[in-house]
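# Structural characterization, general
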Amino acid sequence: MPFVEAPLVARTKGFGVSRVFKAAQRQLTFEDAQVQCGGLMDKDSFFALLGEHGHKWIVDEDYSALYDPHFGRCCVPPSLLVRALLLQNYRGCSDRELVERIRFDLRYKVALGVKVDYPGFDPSLLSIFRARLILHRKDSLAFEKTVDAARQAGLVGDVQPIDSMPIFGAAALQDTYTLIRTGIEKLLVSIKKQRDEWKGSRGFKYPFTAKKYEKGKGKADIDWNDKAQRQLHLNELVEDASSLIEAVEASKMIHSKRVQGPLELLRKILSQDIEQSPEGDAHITRGGKDRIISTNDPESRHGHKTSCDLIKGYKGNFTVSEHEIVTSVAVTPANAADTAPVESMMEDLKSRGCLPKKLPADCAYGGADFRALMEAKGVEVVAKVPKPPNSERFPKADFLINLGARTVTCPAGETTYTFRETKDAQGRETKTFRFTGCPSCALRDKCIPNSERTRSIQLHYNESYLQKAKQKAAEPGFRDEMKGRLVVERVQGRLQSYGLSASRYFGLRKTLLQAVFTATANNIWKLIIPTNLRGSP
């Protein structure tokens, strides 16, 4: 429906120029794009559906809290901006490209409900509006409304598959030299801003000329093929970074919140990538699992979805109903476990009355601790037990464990009752069974190395959940239950086609906003189009 200016209700302040809240009236006129061009569009296209039904989930008054109640200029109606963000995430375009399409593409005018001659708005308004949505925690409002509408329509049931997908970060990967240099630059910028605010240094003294690391200078002009020159440059970078950290710590600058973030970032870069030799030279060491890969996006990480596929950025985590409605969204760094955000996702679903009873998933969610955690919340995990890594020797999975009889039987047929109380890596009490017939066993070479005399099997703290899952996996109907997991992969494929395979923003929080709006576009389409239709609108 079109947007007609209504009387002033509230005003806004915050980012840039303060704005007065202006609601939109749903009143068609002859000049509206929907009247003049609506009949030219496919009725099941996302543009037509958003224009006709968007008002059900996107209401101006829901966003009035973003605006100041006392002063400012008239704003673009927030419902129009929310629709614009939905179109942006549906088509995967930039802010400037989106505004150009709104100005010249009739489909976008129909989706927004504006007149044919609507000129659009300044692209910077989208960035400001996204920041306001995050600041006031209104970025998931439209998504939550679509989920609630789907629940009332019976499209959200007791079975909701879950899975994660890679979201490649927007920041370029940086080598150690660039990480240290840009880390120094960021800290110097924050120090300068704080000095200007204080109108003094408060005891801080530059350990080197500040112009040495002016932003935009780029890498040093050295012969990068010469190992000796690279070493000298690395020593210089590490020395400058260390001296700058010491200078900040020795002054009142250390108490500035503006400085503390870049300071901690530079500390982490040095600790993860650099080690000092006895001779005093700096050497690049291989970073650990939580290695920072870019100073532009310090929250992004290296990770793996499989043993082969490397992710550089984030993971998107989704639960999906059997009718392809996305019910919850979470974004984590790429190195986080698939199960890391699930507990908070279940709490979110429970608060909205959508907590599933079954959670079909792949084997990444099949661990014993995760099964125990979900069962405590009343959720059954339907997933295969993770397979052990390939080995020449018999894994624990090849041993028959009888928890009721307290016995373990090895592949050679020996059954042992002998166990002792031990503790696992987390300090929890468990049992370790030991076999005595290993020295004369014909399968010894396939079970234990020559350096060991007997084989021991340590039970998991939640071993009962693993045994229960193995028994369920052997039941005839288990494969049919697992087929229900395919719906989440189909939805993820659709989200990737919308552009969610890569983040357009720096930072986890803005990447989450992108994931939420992309999921909202999917939900709007699936709420209206019959559920037997597949593919993208």
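### Remarks on the packing of aromatic side chains
As enumerated under the stated definition, the model contains 10 aromatic pairs in all. Arranged with centres 5.1 Å apart and planes meeting at 70°, the rings of tyrosine 90 and tyrosine 498 form a pair that is edge-to-face. Within this pair, whereas tyrosine 90 is found in helix 3 (residues 78-91), its partner tyrosine 498 is found in helix 15 (residues 486-500), the two being separated by 408 residues in sequence. Neither tyrosine 90 nor tyrosine 498 differs from the other in exposure class; each is buried. Arranged with centres 5.0 Å apart and planes meeting at 80°, the rings of tyrosine 177 and tryptophan 224 form a pair that is edge-to-face. With tyrosine 177 in helix 8 (residues 176-198) and tryptophan 224 in the loop between helix 8 and helix 9 (227-249), this residue pair connects regions lying 47 residues apart in the sequence. Of note, arginine 202 hangs over the ring of tryptophan 198, and the distance from its end group to the ring centre comes to 4.6 Å.

### Notes on the sheet that holds strand 15 (residues 419-423)
The 3 strands lie next to each other as 15-16-17, forming an open sheet whose pairing is antiparallel. With one partner strand each, in any of the chains shown, strand 15 and strand 17 (456-458) form the two edges of the open sheet. Geometrically, the sheet is characterised by an average inter-axis angle of 30° between neighbouring strands, direction not taken into account. Of the strand pairs in this sheet, strand 15 and strand 16 (residues 429-434) are connected by 5 bridges, and their pairing is antiparallel. Within the sheet, the bridge partner assigned to threonine 422 lies in strand 16 and is threonine 430.

### Topic: the state of the cysteines
Tallying each qualifying case throughout the model produces 0 disulfides. In this structure cysteine 410 is not part of a disulfide, and its nearest cysteine sulfur, from cysteine 441, lies 5.8 Å away. Taking relative accessible area as the criterion, cysteine 410 reaches 12% and is therefore assigned buried.

### Examining the sheet that holds strand 13 (residues 407-409)
Strand order in the open sheet made by the 3 strands is 12-13-14, with antiparallel pairing throughout. The strands lining the two open edges of the sheet, one partner per strand, are strand 12 (400-402) and strand 14 (415-416). With 2 bridges connecting them, strand 13 and strand 14 associate as antiparallel partners. Counted as the bridge partner of valine 408 is threonine 416 from strand 14.

### Notes on the nonpolar core
Among the nonpolar cores identified, the biggest contains 87 residues, and Leu87, Phe121, Phe318 and Val329 are the most heavily contacted of them. It is helix 16 (residues 508-528) that contributes the most residues to this core, 11 residues altogether. Once you skip the residues sitting within four places of it in the chain, leucine 87 turns out to touch Phe46, Phe47, Leu50, Leu98, Tyr108, Ala111 and Leu112. Formed by 28 residues, the second largest nonpolar core is a distinct cluster that contains Tyr177, Val248, Leu265 and Ala282.

### A few points about the packing of helix 9 against helix 10 (residues 257-273)
Orientation of helix 9 relative to helix 10, taken along the N-to-C sense of each, is 145°, at an axis distance of 11 Å. The handedness of the crossing between helix 9 and helix 10 comes out as left-handed. Residue-level contacts link Ala241, Ser242, Ile245, Val248 and Glu249 of helix 9 to Val259, Leu263, Leu266, Arg267 and Leu270 of helix 10. Looking at the contact of helix 9 with helix 10 residue by residue, the classes come out as 7 nonpolar, 1 polar and 2 charged.

### Re the pairing of strand 8 (residues 310-320)
Most of strand 8 sits inside the fold, with 9 of its 11 residues counted as buried. The pairing of strand 4 (residues 162-168) with strand 8 spans 7 bridges and is classified as antiparallel. When the sheet's bridge partners are listed, serine 164 is paired in strand 8 with asparagine 317. Both strand 7 (residues 301-304) and strand 8 contribute to a ladder of 4 bridges, which runs antiparallel. When the sheet's bridge partners are listed, histidine 302 is paired in strand 8 with lysine 312. As paired elements, strand 8 and strand 9 (residues 326-333) share 7 bridges and run antiparallel to each other. Following the sheet pairing, phenylalanine 318 is matched in strand 9 by valine 329.

Thresholds applied
For every chain, the first residue of its written sequence is number 1, and the numbers climb from 1 along that sequence. At least 70 in pLDDT is required for a residue's local features to be given in this predicted model, at least 80 for side-chain atom pairs to be given and counted, and no such filter applies to totals for whole chains, interfaces and linings, which use all residues. As a rule here, side-chain values cover all heavy atoms of the structure and leave hydrogens and water aside. Ring pairs are drawn from Phe, Tyr and Trp, using the six-membered ring of Trp, whenever the two centres fall within 6.5 Å, and their geometry is named by plane angle: stacked under 30 degrees, edge-to-face over 60, tilted for the rest. The helix count covers DSSP runs of H or I at least four residues long, the strand count covers runs of E at least two residues long, and both are numbered beginning at the N terminus. Three exposure classes are used, based on accessible area relative to the maximum for each residue type with a 1.4 Å probe and protein chains only: buried under 20%, partly exposed in between, and exposed over 50%. Both a distance and an angle decide whether a charge sits over a ring: NZ of Lys or CZ of Arg must be within 6 Å of the ring centre and within 35 degrees of the ring normal. When DSSP finds two or more bridges between two strands, those strands count as paired. Each axis is a line fitted through C-alpha atoms, and for a helix only the stretch in contact is used; angles between axes span 0 to 180 degrees, taken between their N-to-C directions. For this text, the term disulfide refers to a pair of cysteine sulfurs within 2.5 Å. We define a nonpolar core as any set of buried Ala, Val, Leu, Ile, Met, Phe, Trp, Tyr and Cys residues linked to one another through side-chain atoms lying within 4.5 Å. The contact rule is simple, with two residues in contact once any of their heavy atoms fall within 4.5 Å. Left-handed is the label given to a crossing in which the near helix is rotated counterclockwise from the far helix by less than a right angle, and right-handed is the label when the rotation is clockwise. For this classification, the nonpolar set comprises Ala, Val, Leu, Ile, Met, Phe, Trp, Tyr, Cys and Pro, the charged set comprises Asp, Glu, Lys and Arg, and every other residue, Gly included, is treated as polar.

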